[in-house]
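# Fold and contact review
Listed below, chain by chain, are the residues.
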Amino acid sequence: MSKQEQHWEKTRNLLFITLAIWFIFSIGIFLFGAEMQESSIRPFGYPLTYWFTCQGSLAIFVILIFWFAGRQEKIDDEFGFSEREGDQ
Amino acid sequence: MIKGKFIDNLPKVYGIYTGGFLVFIILMAIAEQAGMSAKLIGIFFVAFTVLIYALIGWLSRTLQVDAYYVAGRQVPTVFNGMATAADWMSGASFVAMAGGIYFKGYGYMALLVGWTGGYVLVASLLAPYLRKFGCYTVPDFIGTRYGGNLARFSAVIVLTVASFTYVTAQINATGTIASVALDIPFGIAVYVGLASILMCSMLGGMRAVTWTQVAQYIVLIIAYLLPVFWISSKLGAGFFPHFMLADEVARIAELEGQFGFVKNSAADLATVPKGLAGITKAHSSVNATPWAFISLAVCMMAGTASLPHVMMRYFTTPSVRTARRSVGWSLFFIFLLYSSAPMLATLSKLSLIDPTLPTGIIGKTIAEVQSIDWYQNWNQANLMFISDFNGNGTLELNEFFMGGKAVVLATPEIAGLPYVISGLVAAGGMAAAMSTADGLVLAISNALSHDIYYKIINPKAETAKRLIVARVLLVLIGFAGATIAALEIQGILGSVIWAFDFAMSGLFFPLVLGVWWKRANAPGAVAGMLLGLISGTAYLIWVRSGGSGFLGITQLTFGIVGAAVSLVSMIVVSLITAAPDSATQKMVDDVRVPSGKTILAQK
């Protein structure tokens, strides 16, 4: 496998992980909205589903993007595909 | 030129600007104590901020194509994040979102999840790759990746339909705020709003829009957060509402149980002014089916990743790496406002319905409520209404009606904050609507001037001519948008959601597959864009004209139909036609690697 193919494979795997986490917190948990609402887990005292819609999922998305960016930068560095001065 | 120095000094420049704005707020507060009228304060707030934006727009004027289309590709990560947040958060987010949550609760909060979750798609699927491409516009990417004027032209059509739907709503919002704050008729205020929008974008294109959007973000976030924190402390709910309103949320649920949701008769409802609604849904409980919630969230997420005015903000960063990080910053700055909207809705509702609070009106006598100053003001502005349906002389929960905008606009006054805060909120709403309108008008006129005029009609046009065409188109589109906005065909929020569905129907899969599926070719992309847009639109028309719809897909989620048709037709047509040539395949390989020259620079 060429260097570029390896790079793309890693990039793609990172995408799948990122999208899996994204799926859980944007779609997955809301399949169980009514059940979660009754849960005894209450972040800051809010009902669980309510908390996810107003803070939880939103904050997780912010963290997820920065995590994703960091991992992708590592992959790019590993294969020497990061941008150098004057590339643009 | 000052430019290089300006970029290095950004934190200082905007630091001084923020400080100056805070001083201005304090001066206004002092003036209010000294007896300045509420009306004058409102005028000062809106006029002062709009003049600042216009000044920034004028200082950023340019005669260079690169600066006009992509701000010279040198906007630093964090500042691009702020600009994107302002670009993104429209008048609807600012003025209408808290109201939507107030009235519809959980079912509406799918929009919060959708409008933030979409950025994960932007960061992982698209933004870094489109940045590597080095295009000026979104159709520029489609046109070059797939090849051919037909693909480019189709992308321009989808972009125009989606963005134009969106921009009329924004110009409408600037008109609404300008007419209230400056006390002029709406028909004229729309054009005042338009003039302010054009002043920010016409001379400097993307460069001017970028630097005004950063300034607008600062105004709008202060204007949103300050009242939320203040009201929360004033009600004794806690100094940091986001972590401290659990008791208030529980109290609302308790009161709802106590009052009950009494259904009004159709005859009674007919007497309520148009656009006002009562509290008919529980505040925090799960009141929508999983599918209703998820389908709306999915549409907003896919729409986010397809709206050209957002995508083009990531063309302005210095590199692929910064484009990626910039998406994170954008979402962080959006998060600050979005996570506060439910808190504002909670505070607003509690202060109105809790009989034990001095501001609570439920349970008071009708005559008593009618004599309250703020009730009279907002009743006159057609945003509040009470009526004694059951004739018992006391106000019940089902006898109180409010407009969605009132949650943001009126709560400071209800909670007894000084008028200076209401002036600040008006300036914030104006900033939110203007910044989004600027981004949208620019997205449309750039697509028409770059992709239609320069790439298709007259590829030999010289720089000066291209920039003149771009500006003429900008003004024309602005006027077209304002003319339609003045007709007031549709509410602000409805057309915003439609714009997402249109964008998703036509552009989501052609954009994503352009990067992630090498086999995708021009006929497939054209089929995906056009059939997606047509089927989505047809479904919308069908449902609007009384059709029953299927799978629970409503006029707010018609993008699911459009995008599904788009995906299937794009794959089928791509597979039955010839694979893209080796040059195109090589181009896709290059897009996937951050290093090296941009694709368009290689040509």
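For clarity, every value in this text was computed on a predicted model and none was experimentally measured. (Residues numbered from 1 in each chain as written. Chains lettered and ligands numbered in written order. Predicted model: local features only at pLDDT ≥ 70, side-chain atom pairs only at ≥ 80, totals over all residues.)

### Regarding the environment of L194 of chain B
All names here are of chain B. Our working rule: Helix and strand definitions here come from DSSP, where helices need a minimum of 4 consecutive H or I residues and strands a minimum of 2 consecutive E residues; each element is numbered from the N-terminal end. Contact definition: two residues whose C-beta atoms, as placed from backbone geometry, lie within 7 Å.
Position of L194 among the secondary structure elements: in helix α10 (residues 186-201). Spatially, the C-alpha atoms of L194 and D438 are 9.5 Å apart, while their sequence positions differ by 244 residues. In this view, L194 contacts I171, G478, F479 and A482; residues no more than four positions away in its chain are not counted.

### Quick notes on the interface of chain B and chain A
Worth spelling out the cut-off: Three categories are distinguished: nonpolar for Ala, Val, Leu, Ile, Met, Phe, Trp, Tyr, Cys and Pro, charged for Asp, Glu, Lys and Arg, and polar for the others, with Gly belonging to the last.
Across the boundary between the two partners, chain B contributes 46 residues, which contact 42 residues of chain A. Of all the secondary structure elements, the ones that give two or more residues to the side of chain B that touches chain A are α7 (106-133), α12 (241-244), α13 (246-259), α15 (290-304) and α17 (320-338) of chain B. Taken together, the residues that form the side of chain B that touches chain A break down as 27 nonpolar, twelve polar and seven charged.

### Focus: the packing of helix α18 (residues 341-353) of chain B against helix α21 (residues 406-414) of chain B
All names here are of chain B. The condition is simple: An axis is simply a line fitted to the C-alpha atoms; with a helix, the fit covers only the stretch in contact. Between two such axes, the angle follows the N-to-C directions and lies from 0 to 180 degrees. The labels follow the angle: roughly parallel below 35 degrees, roughly antiparallel above 145, roughly perpendicular from 65 to 115, and oblique for the rest. Crossings are classed by handedness, with left-handed meaning an anticlockwise turn of the near helix from the far one by less than a right angle and right-handed meaning a clockwise turn.
Between α18 and α21, the shortest axis-to-axis distance is 10 Å and the interhelical angle comes to 50°. Classified by the angle between their axes, α18 and α21 sit oblique to one another. Like other packed secondary-structure pairs, α18 and α21 cross with a definite hand, here left-handed. Taken together, the residues of α21 that come into contact with α18 (itself represented by L344, A345, L347, S348, S351 and L352) are V407, V408, T411 and I414. When the residues that make up the contact of α18 with α21 are grouped by side-chain class, the tally is seven nonpolar, three polar and no charged.

### A short note on the nonpolar core
Across soluble globular proteins, nonpolar side chains have a tendency to be buried as a group. Here is the rule: Put simply, a nonpolar core is a cluster of buried Ala, Val, Leu, Ile, Met, Phe, Trp, Tyr and Cys residues tied together by C-beta atoms within 7 Å. Think of it as a crowd count around each C-beta: if 20 or more other C-beta atoms lie within 10 Å the residue is buried, if 12 or fewer it is exposed, and in between it is partly exposed, with C-beta placed from the backbone throughout.
Counting 232 residues, the largest nonpolar core has I65 of chain A together with L126, L130, L220 and M430 of chain B as the members making the most contacts within it. Leave out the neighbours within four places in its chain, and I65 of chain A touches Y119, V120, A123, V327, G328 and L331 of chain B.

### Remarks on the confidence of the model for chain B
To keep it simple, the criterion reads: Residue-level confidence of the predictor is what pLDDT reports, using numbers from 0 through 100.
Counting all residues, the mean pLDDT for chain B is 86, and 98% of those residues have values of 70 or more. As a predicted assembly, this complex carries a pTM of 0.92 together with an ipTM value of 0.94.

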